[in-house]
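A look at the structure
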Amino acid sequence: MKLPQVSYELFCVMNLIWIGIGLITFIILLKINAPYGRHTRSSWGPMISNRLAWFMMEVPVLLIVSWFVFFQNERLSIPIAVIAMLFCAHYLHRSIIFPMRLHTLGKQMPVLIMGSGILFNLANGFFIGYYFRNFAHYNQEWLIN
């Protein structure tokens, strides 16, 4: 799948918009308690196992970054591969190992919260992966500097 190429400037604008959405969300969440963790309540809609939800929220960023860096990158350098492997190792733990180690048997979270997490990680994965595929330039000396 070939994605359209955007300029670095447009990519930066898209990131600034994403940061703006994050700041607005932060301000809103100062006023309301999102139904997550100890604040979970079923009045926010259907519920899902928090282990399954955690997996479904976190795995998209692992898949998207891996796809961009390792399968769509003709000019993959060793430093970018190292950075991406560390990132993927972190998200492998975060999306697969951590949910299985949760000591919250029977706990649930609203599907709405899971959906929000999925959307966040889709965008986050896109921005990180697209950057490493199209704009990141790290030479070998970067690893030893």
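An account of the accompanying structure is given in this report. In every chain, residue numbers begin from 1 and rise along the written sequence. It should be noted that, the model being predicted, local features are given only for residues of pLDDT at least 70 and side-chain atom pairs only at 80 or more, the latter also being counted only at that level, while totals for whole chains, interfaces and linings use all residues. Excluding hydrogens and water, the side-chain values take into account all heavy atoms of the structure.

With that settled, the discussion passes to the overall build of the protein chain. Counting from the N terminus, the helices are the DSSP runs of H or I reaching at least four residues and the strands are the DSSP runs of E reaching at least two. Counting its secondary structure elements, the protein chain contains four helices and two strands. In sequence order, the protein chain lays out its α and β elements as α-β-α-α-β-α. Overall, the C-alpha framework of the protein chain stretches about 50 × 35 × 35 Å when taken along its three principal axes. The burial tally for the protein chain puts 33% of its 145 residues in the buried class. Considering only residue pairs separated by 6 or more positions, the protein chain has 84% of its internal contacts joining residues 24 or more positions apart. In short, Shrake-Rupley with a 1.4 Å probe defines the accessible areas, and a residue's cover is counted only from the protein chains shown. If you sum the accessible surface of the protein chain, you get close to 9,400 Å²; carbon and sulfur atoms cover 70% of it. Of the side-chain charges in the protein chain, 10 are positive and 4 negative, and the distance between the mean point of each set is 21 Å. Each residue gets one of three labels from its accessible area relative to the maximum for its type: buried under 20%, exposed over 50%, partly exposed in between, using a 1.4 Å probe on protein chains only. Note on contacts: a residue pair is in contact if any heavy atoms of the two residues lie within 4.5 Å. Charge assignment in this entry is limited to Lys and Arg as positive and Asp and Glu as negative, and neither His nor the chain termini are counted. Charge positions come from single atoms, namely NZ of Lys, CZ of Arg, CG of Asp or CD of Glu.

A separate point is the pattern of salt bridges. By definition here, a salt bridge exists when the distance from a side-chain nitrogen of Lys or Arg to a carboxyl oxygen of Asp or Glu is within 4 Å. Tallied over the entire structure, the rule returns one salt bridge. Across the pair R94 and E58 runs a salt bridge, and its minimum N-O distance is 2.9 Å. Remark: E58 occurs in helix 2 (residues 50–71) and R94 occurs in helix 3 (residues 78–101); sequence separation between them is 36 residues.

Before going further, it helps to examine the side chain of N50. Here N50 lies in helix 2. What makes N50 buried here is its relative accessible area of 13%. Excluding its chain neighbours within four sequence positions, the residues that come into contact with N50 are L102, T104, K107, Q108 and M109.

Secondary-structure assignment places V69 in helix 2. Considering only alpha carbons, one finds V69 and W44, 25 residues apart in sequence, at a separation of 37 Å.

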